[in-house]
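# Understanding the architecture of this molecule
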Amino acid sequence: MTDSRIPARRGKAAALAVAAALLVLTGCTSSSSGSGGSSASPSPAGATKITIKDFAFHPATLTVHPGAKVTVTNEDTTDHTVTADTGKLFDTGHVAPGKTTTFTAPGKAGTYAYMCTIHQFMTGTLKVS
């Protein structure tokens, strides 16, 4: 004789397991995307940082206060730069793999495009407000 409640119990258990997994995954994600997310308002103290990884700037757009110190960390296996597209507003020079440097954001509010002068397909935006 077979108990007809067993498939129903397994179905409920599977549904609970899926719901629990979704809750765990939801708790581990953030509202910004992993590649190129941008901050809508100026970054809080200590959060003015750009990470270079996989030949891309993370975040692709960073918003900071005028004159903020921006920390750049290179997590790639080759040198990169963070260089303003116009004028000499900011330029890190070559940042070696595994190294960190800083630059000062422009003192005037505005949107500033930048790139890696070594790998010119790498671009980003610094918003100063």
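Relevant structure appears above.
Residues numbered from 1 in each chain as written. Predicted model: local features only at pLDDT ≥ 70, side-chain atom pairs only at ≥ 80, totals over all residues. Heavy atoms only, no water.

### Thoughts on the side chain of Thr 73
Residue placement: Thr 73 occurs in strand β4 (residues 69–74). Accessibility expressed as a relative area gives 16% for Thr 73, which makes it buried. Within the structure, the side chain of Thr 73 is placed 3.1 Å from the side chain of Thr 100, a separation counted as a polar contact. Setting aside residues up to four positions removed in sequence, Thr 73 forms contacts with Ile 50, Thr 51, Ile 52, Lys 99 and Thr 100. (Helix = DSSP H or I, 4+ residues; strand = E, 2+ residues; numbered from the N terminus. Buried < 20%, exposed > 50% of the residue type's maximum accessible area, 1.4 Å probe, protein only. Polar contact = N/O pair within 3.5 Å; in protein donor to acceptor, adjacent residues only side chain to side chain. Contact = heavy atoms within 4.5 Å.)

### Some details on the nonpolar core
Of all hydrophobic cores here, the largest spans 19 residues; its most connected members are Ile 50, Phe 57, Val 64, Val 82, Phe 90, Phe 103 and Leu 126. Elements represented by at least two residues in this core include exactly β1 (49–53), β3 (61–64), β4, β7 (110–115) and β8 (123–128). Excluding anything up to four places from it in sequence, Phe 57 contacts Ile 50, Thr 51, Ile 52, Thr 81, Val 82, Tyr 114, Met 115, Cys 116, Met 122, Thr 123 and Gly 124. (Core = buried A, V, L, I, M, F, W, Y, C linked by side-chain atoms within 4.5 Å.)

### Section: unusual backbone geometry
For the peptide bond that leads from His 58 to Pro 59, omega is -5 degrees, which places it in the cis range. Within the fold, Pro 59 resides in the loop between β2 (56–58) and β3. For Asp 54, which is not glycine, the phi dihedral falls at a positive 55 degrees. Judged by relative accessible area, which is 60%, Asp 54 ranks as exposed. Backbone geometry places Phe 55, a non-glycine residue, at a positive phi of 55 degrees.

### Topic: the sheet that holds β3
Pairing in this open sheet of four strands is mixed, and the strands run β3-β8-β7-β5 from one edge to the other. Single-partner strands in this sheet number two, and they are β3 and β5 (83–84). The pairing of β5 with β7 spans two bridges and is classified as antiparallel. Each residue of the ladder has a partner; that of Ala 84, found in β7, is Tyr 114. (Pairing = 2+ DSSP bridges.)

### Some words on the sheet that holds β2
Spatially, four strands are ordered β2-β1-β4-β6 in an open sheet, and the strand pairing comes out mixed. Both outer strands of the open sheet, β2 and β6 (100–104), are each paired with one neighbouring strand and no more. Neighbour-to-neighbour, the strand axes of the sheet open up by a mean angle of 25 degrees, direction not taken into account. In this structure, β4 lies alongside β6, joined through five bridges in antiparallel fashion. Opposite Thr 73, over in β6, you have Thr 100 as the bridge partner. (Axes fitted to C-alpha atoms, helices over the stretch in contact; angles between N-to-C directions.)

### Thoughts on the pairing of β1
Relative to β4, β1 is paired through four bridges, and the arrangement is parallel. Within β4, the position partnered with Lys 49 by the bridge is Thr 71. Sheet analysis places β1 next to β2, joined by three bridges and oriented antiparallel. In the strand pairing of β2, Thr 51 is matched with His 58. With antiparallel pairing between neighbouring strands as the criterion, β1 and β2 make up a hairpin whose turn holds two residues, including Asp 54 at a positive phi of roughly 55 degrees.

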